[in-house]
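Structural description and commentary
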Amino acid sequence: MTSHPAASPPPPVPDSIHALDHEIRSHWPSIQHLLTELLDITPPAHDAPLTHHSTPQDITRIRRWARPGPPQPLETVIGEARAIFDHRVRINHPLFFGFIPSGTIQLSWVGDMLMAAFNAHGGGRTFGLGPCVVEEELLRWLAARLGLPARTAGGVFVSGGSVANLMSIAVARDQKLDGNGQAARGVIYLSERAHYAVAKMARGLGFADRQVHRVRCSEAFELDVEDLKEQLVADRRQGLVPFMIVATCGYTETGTVDPIEDLADIARRESLWLHVDGAYGASVALSHAHAHLVAGLGAADSVAWDAHKWLFSSFGCGMLLVRHRDHLRSTFGVHSELMDQQSGGLSEQPEPWDLSVELTRPARAMSLWFMLRVLGEERIGRMIDYGIDMADSVQARLQAREGWEILTNAKLGIVTFRYKPGTCSEEDLDRINTTISETLVEDNLAGIFSVRVSGVVGLRVCCITTRLSEEDIDRLIPQIDMTAKGVSKHF
Ligand SMILES: Cc1ncc(COP(=O)(O)O)c(C=O)c1O
């Protein structure tokens, strides 16, 4: 007779889930209070500090909190979270002009909250039908606004521009290179000023750095088409296999846009894939007054577009749009018995997980949808126009003052300039402008950072935050001017 071991007691459950639910219910007033407070303090008010000068003791305290340890009262942890988040640069502050500022509005995080609270599976229609249908339809609408063909275009939501660029390179590789070793000779072309995220992603996909060829920029800070043509001829002569051009719509430093339609002609003639890194600038397709500046986007094979840059979303929301949605599926649609069991096999209609590197993911489209649906198409277009007009305003005010030189004209909400008092050497001018930026940030006056343009150091503002007003600019320009004069006295 087989002897069975005596039935062992179930493992101890530290807290029954019901007790936990009950406990959390007792915290509702604190959580509701937190939400009200967050609505109040995000984005930061004008008088909130841009940055916090953290001490080593602050960092030690944060490290101590970072480990879970014994249970803590919820109120205590909320307090810790607030103190931890205090140690940041408020890049959604109305006076933060650096990098690509975050222009989030509260609606974006309320959308995130809905997305997280329902926690629908964003990767598959089988599990997240409603949100996946919204994703498909929203992508169709966005693609149409770019001018991509309605019948074939599609896309997928991703975590941001880097991932969208990575996926575009993988699709271009599969569409343009044969599987018989051409990849080792394949070449991607992008301008010398293209965002480093593109080259980094090419490396991540196994392309050597020597396979990413940099094309000169013209004096207008756009990819020089003639240089590209010459490189294509020379590279083919050497046995290399050009397969992809990456154009930029909205250079991070200058806001300029490559001549996308000319590049599309070359791509068609040479059978190359044309990808546009529109992480920043593609949003201008939704503007009312300025959409013509990005008119070429509809000629691309694929476009990277970040909602967390200029569609006022919080971080983690971007899109890859493609001329032919089948191209995404042929790179990322992989048969798996596990998933086929779940979804009944590859259907006519691909699941989002067949179009992306990601499987399980949040229903990101729902967050963007929530905000766009509340604001409406008309208003979002005006919000984008506003940023473009504000950069024009900054430029006009600087030009009206002695001693200021515009380095690149306002384009897509970005203007670069420098302080150039009469008699200084170029080296001193570089140091003066670097110090102006450091002083403005240190004194919490404005998040304005230095940039190197045409071999000189200047200052750059990106004006896409809708909370920035004409009055702010009226106040800020004299402050910058005074700071510049103060700094230059020491040179
Ligand atoms: C033009 C451009 N492309 C790509 C990226 C990378 O996008 P992400 O930071 O969303 O990965 C950026 C980021 O600033 C960018 O400005």
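Residues numbered from 1 in each chain as written. Predicted model: local features only at pLDDT ≥ 70, side-chain atom pairs only at ≥ 80, totals over all residues. Heavy atoms only, no water.

Note the following rule: UniProt positions are given in the numbering used here, feature names are shortened, and annotations may be inferred rather than shown by experiment.
Under an unreviewed UniProt entry, the name given to the protein is PLP-dependent transferase, and the source organism is Aspergillus indologenus CBS 114.80. Recorded under Sequence similarities (unreviewed entry), the UniProt text for the protein is reproduced unchanged: "Belongs to the group II decarboxylase family."

1. Details of the overall build of the protein
Counted only if it meets this: Put simply, DSSP marks the helices as runs of H or I at least four residues long and the strands as runs of E at least two long, and each gets a number from the N terminus on. Atoms counted for the radius of gyration: C-alpha only. Globule rule: 2.2 Å times the number of residues to the power 0.38. Pairs of residues are marked as contacts when any of their non-hydrogen atoms sit within 4.5 Å. Calculation of accessible area relied on Shrake-Rupley with a 1.4 Å probe; when residues are assessed, cover is drawn exclusively from the protein chains displayed. His is not counted here, nor are the chain ends, while Lys and Arg score as positive and Asp and Glu score as negative. Taken as the charge centre is NZ of Lys, CZ of Arg, CG of Asp or CD of Glu, depending on the residue.
When helices and strands are counted, the protein shows 17 helices and eleven strands. Taking 491 residues into account, the globule formula puts the C-alpha radius of gyration at 23 Å, and the protein, at 26 Å, falls close to it. Seen through its C-alpha atoms, the protein measures out along the principal axes to roughly 100 × 60 × 45 Å. Taking the intrachain contacts of the protein between residues at least 6 apart in sequence as the baseline, contacts between residues at least 24 apart amount to 74%. For the protein, the computed accessible surface area is about 24000 Å², with 55% contributed by carbon and sulfur atoms. Taking the average place of the 47 positive charges on the side chains of the protein and the average place of its 60 negative ones, the gap between the two points comes to 2 Å.

2. Thoughts on the side chain of Asp-58
Inclusion rule: Here a polar contact is recorded for every N or O atom pair within 3.5 Å, except that within protein the pair must consist of a potential hydrogen donor and a potential acceptor, and residues adjacent in sequence are included only if both atoms are side-chain atoms.
Within the element layout of this structure, Asp-58 appears in helix H3 (residues 56-66). A polar atom in the side chain of Asp-58 sits 2.9 Å from the side chain of Arg-61. Apart from the residues within four sequence positions on either side, Asp-58 is in contact with His-52, His-53 and His-87.

3. Focus: the site of the ligand
The cut-off we apply is this: One heavy atom suffices: a residue is near a molecule or strand as soon as one of its heavy atoms comes within 4 Å of it. Computed over the protein atoms alone on a 1 Å grid, cavities are sets of points where a 1.4 Å probe fits but cannot get out and pockets are open sets with protein on both sides within 12 Å along at least five of seven lines; a residue lines them when it has an atom within 4 Å of a point. A molecule is said to be in a cavity or pocket once over half of its atoms fall within 2 Å of that pocket's grid points.
Taken together, 13 residues form the shell around the ligand, and within it Ser-162, Thr-252, Asp-277, Asp-306 and His-308 come nearest. Taking Gly-161, its main chain carries an N or O atom lying 2.9 Å from an oxygen atom of the ligand. At 2.8 Å from an oxygen atom of the ligand is found a side-chain nitrogen or oxygen belonging to His-308. Within the complex, the protein chains bury 83% of what would otherwise be the 390 Å² of accessible surface of the ligand. Among the cavities detected, the one that contains the ligand is the second largest pocket. For the shell around the ligand, the secondary structure elements donating two or more residues are helix H7 (161-176) and helix H11 (307-310). At three residues, H7 tops the list of elements feeding residues into the shell around the ligand.

4. Overview of the UniProt feature "modified residue: N6-(pyridoxal phosphate)lysine" (unreviewed entry) in the protein
In this numbering, the UniProt entry assigns the feature "modified residue: N6-(pyridoxal phosphate)lysine" (unreviewed entry) to Lys-309. Mapped onto the elements, Lys-309 comes out in helix H11. In this structure Lys-309 touches Ile-100, Pro-101, Ala-279, Tyr-280 and Ile-464, once residues within four positions along its chain are discounted.

5. Some details on the domain arrangement of the protein
How we decide: The domain limits used here are those given by an automatic or database domain assignment.
Here the domain parsing of the protein yields domain 1 (27-93), domain 2 (111-375) and domain 3 (379-488). Look at where the C-alpha atoms of domain 1 and domain 2 centre, and you get two points 35 Å apart.

6. A closer look at the packing of helix H9 (residues 225-237) against helix H10 (residues 260-270)
Packed helices, taken two at a time, are described by their axes: the angle between them and the distance between them. Heads up, the condition is: Each axis is a line fitted through C-alpha atoms, taken for helices only over the stretch in contact, and angles between the N-to-C directions span 0 to 180 degrees. What sets the label is the angle itself: under 35 degrees gives roughly parallel, over 145 gives roughly antiparallel, 65 to 115 gives roughly perpendicular, and the rest give oblique. Each crossing is labelled by how the near helix is turned from the far one, with a counterclockwise turn of less than a right angle marking it left-handed and a clockwise turn marking it right-handed. In this classification, Asp, Glu, Lys and Arg are treated as charged, Ala, Val, Leu, Ile, Met, Phe, Trp, Tyr, Cys and Pro as nonpolar, and every other residue, Gly included, as polar.
Running from N to C, H9 and H10 point in directions that differ by 15 degrees, and their axes come no closer than 11 Å. Relative to H10, H9 is oriented roughly parallel. Helix-helix and strand crossings are classified by hand; for H9 and H10 the assignment is right-handed. Across from Val-225, Leu-228, Lys-229, Leu-232 and Arg-236 in H9, the residues of H10 making contact are Asp-262, Leu-263, Ile-266, Arg-269 and Glu-270. Of the residues contributing to the contact of H9 with H10, the split by class is five nonpolar, no polar and five charged.

7. Comments concerning the pattern of salt bridges
Put simply, the rule is: The salt bridge criterion pairs a side-chain nitrogen of Lys or Arg with a carboxyl oxygen of Asp or Glu, the two atoms within 4 Å. Any residue under 20% of the maximum accessible area for its type is buried, any over 50% is exposed, and the rest in between are partly exposed; the area is computed with a 1.4 Å probe on protein chains only.
Evaluation of the coordinates by the stated rule reveals 26 salt bridges. Here Asp-86 makes a salt bridge to Arg-90, at a shortest N to O gap of 2.8 Å. You can call Asp-86 partly exposed: its relative accessible area is 28%. Each of Arg-397, Glu-470 and Asp-474 takes part in salt bridges that share partners, so that together they form one network.

8. Let's talk about the pairing of strand S10 (residues 449-453)
Note the threshold: Pairing between two strands is assigned when DSSP locates at least 2 bridges connecting them.
In this structure, S10 lies alongside strand S11 (residues 456-462), joined through five bridges in antiparallel fashion. When the bridges of S11 are listed, Val-453 appears paired with Val-456. Between S10 and S11, which pair antiparallel and follow one another directly, the connecting turn spans two residues, one of which, Ser-454, has a positive phi of 50 degrees.

9. Quick look at the packing of helix H5 (residues 106-118) against helix H14 (residues 364-375)
With their axes 8 Å apart at the nearest point, H5 and H14 run at an angle of 140 degrees to one another. With respect to H14, the axis of H5 lies oblique. Handedness of the crossing formed by H5 with H14: right-handed. When H5 is examined against H14, the residues Leu-107, Ser-108, Val-110, Gly-111, Asp-112, Leu-114 and Met-115 are found in contact with a partner set consisting of Arg-364, Ser-367, Phe-370, Met-371, Val-374 and Leu-375. For the contact of H5 with H14, the residue count by class is eight nonpolar, three polar and two charged.

10. Re the sheet that holds S10
Taking strand neighbours across the sheet as the criterion, the four strands line up as S8-S9-S11-S10 in an open arrangement whose pairing is antiparallel. Edge strands, defined here as strands with exactly one partner in the open sheet, are strand S8 (404-411) and S10. With strand direction ignored, the average angle separating the axes of adjacent strands in the sheet is 35 degrees. With respect to the sheet, helix H15 (residues 377-399) is in contact with S8, strand S9 (414-419) and S11, its orientation differing from that of S8 by roughly 160 degrees.

11. Describing the nonpolar core
Where a protein is soluble and globular, its nonpolar side chains tend to be buried together. The line we're drawing: Buried Ala, Val, Leu, Ile, Met, Phe, Trp, Tyr and Cys residues form a nonpolar core when they are joined through side-chain atoms within 4.5 Å.
Membership of the largest hydrophobic core comes to 61 residues, with the highest contact counts inside it found for Met-319 and Leu-368. Here this core spans two domains, and each of domain 2 (111-375) and domain 3 (379-488) adds at least three residues to it. Dropping the residues within four chain positions of it, Met-319 is found in contact with Leu-139, Leu-142, Val-156, Phe-157, Val-158, Ala-164, Val-303, Ala-304, Trp-305, Ala-307, Leu-311 and Leu-368. Ranked by size, the runner-up nonpolar core spans 29 residues in total, among them Met-201, Ala-202, Ala-304 and Leu-320.

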